[in-house]
Amino acid sequence: MLAKTSSCSLNGIDAFVVDVEADISLGLPVFQMVGLAEASVRESKERVRAAVNNSGYSFPMDRVVVNLAPADVQKGGSGLDLPVAVAILAASGLIPADATRPYLLSGELSLDGRIKPVRGVLPLALTARDKGFKGLLVPKENAEEAALVDGLDVLPVTCLSQVVDFFAGHASIVPCTRDAEGMQNAFFPGADKDLSDVQGQAHAKRALEIAAAGGHHLMMTGPPGSGKSMLARRLATILPVLSFDEILEVARIYSVVGGLETWKKASASRPFRAPHHTISDAGLVGGGARPMPGEISLAHHGVLFMDELPEFKKNVLEVLRQPLEDGRVTIARAGIKAVFPCQFMLVAAMNPCPCGYFSEPGNTCTCSRTQIQAYRAKISGPLVDRLDIQVAVPRVEFAELVSPKKAENSLLVRSRVEKARQLQAQRFAATAIFCNARMGSQDIRQCCGVDKGGRHLLAQAADALMLSARACHSILKVARTIADLDNASDIRTGHLAEAIQYRGFDRKTD
Ligand SMILES: Nc1ncnc2c1ncn2[C@@H]1O[C@H](COP(=O)(O)OP(=O)(O)O)[C@@H](O)[C@H]1O
Ligand SMILES: [Mg+2]
Ligand SMILES: [Zn+2]
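Residues numbered from 1 in each chain as written. Chains lettered and ligands numbered in written order. Predicted model: local features only at pLDDT ≥ 70, side-chain atom pairs only at ≥ 80, totals over all residues. Heavy atoms only, no water.

Draft legend 1. Molecular detail of the overall build of the protein chain. Within the protein chain, the regular secondary structure consists of 22 helices and 18 strands. Seen through its C-alpha atoms, the protein chain measures out along the principal axes to roughly 85 × 45 × 45 Å. Scored against the burial criterion, the 510 residues of the protein chain give a buried share of 53%. Considering only intrachain contacts with a sequence separation of at least 6, the fraction spanning at least 24 residues in the protein chain is 75%. (Helix = DSSP H or I, 4+ residues; strand = E, 2+ residues; numbered from the N terminus. Buried < 20%, exposed > 50% of the residue type's maximum accessible area, 1.4 Å probe, protein only. Contact = heavy atoms within 4.5 Å.)

Draft legend 2. Focus on the side chain of Asp443. Mapped onto the secondary structure, Asp443 falls in helix 18 (residues 441–447). There is no salt bridge for the buried Asp443, and the closest opposite charge comes from Lys477, which lies 8.4 Å off by N-O distance. (Lys, Arg positive; Asp, Glu negative; His and termini not counted. Salt bridge = Lys/Arg side-chain N within 4 Å of Asp/Glu carboxyl O.)

Draft legend 3. Up close: the packing of aromatic side chains. Scanning the entire structure with this criterion turns up five aromatic pairs. Seen in terms of ring centroids, Tyr103 and Phe166 are 5.6 Å apart; in terms of plane orientation they differ by 75°. Their pairing is edge-to-face. Of this pair, Tyr103 sits in strand 5 (residues 103–105) while Phe166 sits in helix 5 (residues 160–167), and the two are 63 residues apart along the sequence. Phe166 carries the same exposure label as Tyr103, and that label is buried. Feature note: the residues Tyr103, Phe166 and Phe167 constitute an aromatic cluster, connected by ring pairs. Directly above the ring of Phe59 sits Arg49, whose terminal nitrogen or CZ lies 5.0 Å from the centroid. (Phe/Tyr/Trp six-rings, centres within 6.5 Å; stacked < 30°, edge-to-face > 60°. Lys NZ or Arg CZ within 6 Å of the ring centre and 35° of its normal.)

Draft legend 4. Molecular detail of the coordination of the zinc ion (ligand 3). The coordination sphere of the zinc ion (ligand 3), as far as protein atoms go, consists of Cys353 (SG), Cys355 (SG), Cys365 (SG) and Cys367 (SG), spread over 2.1 to 2.4 Å. For Cys367, a relative accessible area of 15% translates into the label buried. (Donors = N, O, S within 2.8 Å, 3.2 Å for Na, K, Ca; no water.)

Draft legend 5. Just the layout of surface pockets, in detail. A volume near 450 Å³ is recorded for the largest pocket. Together, 28 residues line the largest pocket, and Ser9, Leu10, Asn11, Gly76 and Arg290 are the ones closest to its centre. The set of elements that each furnish at least two residues to the lining of the largest pocket consists of strand 1 (2–11), strand 2 (14–25) and strand 16 (336–341). Across the lining of the largest pocket, the residue classes tally to 13 nonpolar, eleven polar and four charged. (1 Å grid on protein atoms, 1.4 Å probe; cavity = no way out; pocket = protein on both sides within 12 Å on 5 of 7 lines; lining within 4 Å. Points joined across faces, edges and corners; volume = space filled by probe spheres on them. Nonpolar A, V, L, I, M, F, W, Y, C, P; charged D, E, K, R; others polar.)

Draft legend 6. Spotlight on the site of ligand 1. What surrounds ligand 1 is a group of 14 residues, the closest being Gln199, Gly225, Lys228, Ser229 and Met230. Gln199 has a polar backbone atom sitting 2.8 Å from a nitrogen atom of ligand 1. Contact between ligand 1 and Met230: an oxygen atom at 2.9 Å from a main-chain N or O atom of the residue. Per-element tally for the shell around ligand 1: the top contributor is helix 8 (residues 228–232), with three residues. In terms of residue class, the shell around ligand 1 is made up of six nonpolar, six polar and two charged. (Near = heavy atom within 4 Å. Polar contact = N/O pair within 3.5 Å; in protein donor to acceptor, adjacent residues only side chain to side chain.)

Draft legend 7. How the structure looks around helix 20 (residues 469–485). Taking 1.5 Å as the rise per residue, helix 20 with 17 residues should run 24 Å; its terminal C-alpha atoms sit 25 Å apart, in good agreement. The element helix 20 is extensively covered by neighbouring structure, given that 13 of its 17 residues are classed as buried. Immediately downstream of helix 20, the backbone of Asn487 shows phi near 55°, a positive value. (Expected span 1.5 Å × (residues − 1).)

Draft legend 8. Region of the structure containing the sheet that holds strand 14 (residues 303–306). Strand order in this open sheet of five strands is 11-14-17-10-18, and the pairing throughout is parallel. Either end of the sheet is taken by a strand with one partner, and the two such strands are strand 11 (272–273) and strand 18 (389–392). Packing against the sheet, helix 7 (residues 202–214) makes contact with strand 10 (218–221), strand 17 (345–350) and strand 18, and its axis sits at approximately 165° to strand 18. (Pairing = 2+ DSSP bridges. Axes fitted to C-alpha atoms, helices over the stretch in contact; angles between N-to-C directions.)

Draft legend 9. Structural detail: the environment of Gly107. Within the secondary structure, Gly107 sits in the loop between strand 5 and strand 6 (108–109). A relative accessible area of 0% places Gly107 in the buried class. If we ignore the near neighbours within four places in the chain, the residues touching Gly107 are Ser78, Gly79, Leu80, Asp81, Leu82, Ile115, Lys116, Val118 and Pro139.

Draft legend 10. Highlighting the domain arrangement of the protein chain. Splitting the protein chain by domain gives domain 1 (2–178) and domain 2 (186–507). A separation of 44 Å is found between the C-alpha centroids of domain 1 and domain 2. Summing both sides of the interface, domain 1 and domain 2 together bury roughly 1,800 Å²; the carbon and sulfur share of this comes to 62%. On the domain 1 side of the interface with domain 2, the three residues burying the most area are Ile13, Arg119 and Leu148, jointly 33% of the side's total. The tally of links from domain 1 across to domain 2 stands at one salt bridge. Inspection of the region where domain 1 meets domain 2 yields nine residue pairs in polar contact (both at pLDDT 80 or more). Of all the secondary structure elements, the ones that give two or more residues to the side of domain 1 that touches domain 2 are strand 1, helix 3 (121–130) and helix 4 (140–146). (Domains from an automatic or database assignment. Buried area = accessible area lost by both parts, 1.4 Å probe.)

Draft legend 11. Inspection of the pattern of salt bridges at higher detail. Under the defined criterion, the tally for this structure stands at 19 salt bridges. Here Lys134 makes a salt bridge to Asp153, at a shortest N to O gap of 3.6 Å. Taken together, the residues Lys134 in the loop between helix 3 and strand 8 (135–139) and Asp153 in strand 9 (residues 153–157) connect sequence positions 19 residues apart. In this structure, Asp484 engages Arg480 in a salt bridge whose closest nitrogen and oxygen atoms are separated by 3.0 Å. On the criterion of helical spacing, the pair formed by Asp484 and Arg480 is a turn pair, its members being four residues apart in helix 20. Residues Asp484 and Arg480 agree in their burial class; the two are buried. One continuous salt-bridge network, built from bridges that share partners, spans Glu209, Glu408 and Arg416.

Draft legend 12. A look at the nonpolar core. Within the largest apolar cluster, 61 residues are counted, with the highest numbers of intra-cluster contacts made by Leu136, Ile296, Leu304, Met306, Leu320 and Phe344. Sort the elements by how many residues they give to this core and helix 10 (residues 244–266) lands first, with eight residues. Residues lining this core come from more than one domain, with at least three contributed by each of domain 1 (2–178) and domain 2 (186–507). Apart from residues lying up to four places away in sequence, Phe344 is in contact with His217, Ile296, Ala299, His301, Gly302, Leu304, Leu320, Leu324 and Arg438. Grouped together as the second largest cluster of nonpolar side chains are 51 residues, Val417, Met439, Ala462 and Leu467 included. (Core = buried A, V, L, I, M, F, W, Y, C linked by side-chain atoms within 4.5 Å.)

Draft legend 13. Quick look at the pairing of strand 8. Within strand 8, five of the five residues are buried, which leaves the element mostly enclosed by the surrounding structure. Bridge count between strand 5 and strand 8: three bridges; the pairing is parallel. By the bridge assignment for strand 8, Leu105 is matched with Leu137. When strand 8 meets strand 9, the two strands line up parallel, connected through five bridges. Across the sheet, residue Pro139 finds its bridge partner in strand 9, namely Val157.

Below you can see the structure in the form of structure tokens.
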């Protein structure tokens, strides 16, 4: 007898439907699985056999052939265990043949028949909805994640016999419903960090606020212990709260890399990723035989913090450039192509010189000029150009550090950031852009007009700092954001002047 179930396999953060056909015919007892199965799928044979036997059914003592279609695509993941087992039990007559048709199934089986969580349930749920399935049966641990997708019956299951009883009509399963409000509350930035923890550093905080308001990449230069890491870790707390659609986009990426736990961690606030400088280029931008998202995608809609920027390998910094610009990264492997979104804000931090104390009052720096130049040259011009805001973070004065004056808290700063973002949302309503930092040269021409005085000022700065065209555009974009924070429709000379002084790195080499 022949029976069929449907499941999914992952390609990047997309899931495609896999049809699982099982046929039982008379013959010597063999269990064959065909349709270009990866090693993990072949191993699934042993788990399926044991799980079926240990759940109180007997594995057919005939010729069992399971076909995974489409045959010409690599299928991986342990989530195919459950649909394979159910297809076999349906073919042996335990389940009515068309009972499984309206559902997608996914789950790894343990040898005793229990169902274990799998990766990528959220993309699976999205595919189920797009393909018109009524619902899906997923491991209980993954149900909450799948339920983020509207309009589906998400049925949490814990063991194989429960699934068989459901399809045979002996038992029902209570669907998991989505808790959109609870989710969004969970995404509210955690209270353990607040911008008011940072004393003084008014200049750096202003730069951080502008960066947040316009979605600009930021670089902080300063001696060790001046609070660069502290500031970076608080950026997420002043960024606008994620919209539900953004939560879905982020959760989808976390769903693919690590299932529930990492996903829950991500749900505490906007993603904040701080990869160590020893990271490989594949780790940073994504890669692998079956392409997986890298750190830049895990930072989607959030912050990627690269501490000690010059310590990163040169090729790692190079591969970062394109995705920084595009907001997505394409990874092609033999026969497989995956596209991952990566609209993150880059925050880079570095010391001004190898010893860290260059340009400090008292001049305690022990580095030679050549050493300093070599250190800075590790970061290429094109990368520096893309860092819209470059700000010096000097050592905080002791008096400020112990001052009883309470600094502004994150909530207050975020309200200003959100106002500026609303202006940008109106400005870019008809486009795919959502913040000033993402403007192309066409948009800059349209939205960043400056008067004659401004043009003169910019020309002077461009000459004095030998700015590239990209750096000039970057100044205009930042000036636009400063004007937005000021609720001004035109960019005034003052706005432009402030934007120009955030090109600190360009002028520091002498
Ligand atoms: N402006 C500041 N206000 C309060 N504490 C600070 C400040 N700057 C530094 N610190 C203290 O110094 C520690 C080191 O700061 P950190 O952000 O790691 O410096 P950096 O990354 O610049 O080397 C922080 O954990 C914090 O306790
Ligand atoms: Mg640090
Ligand atoms: Zn030095």
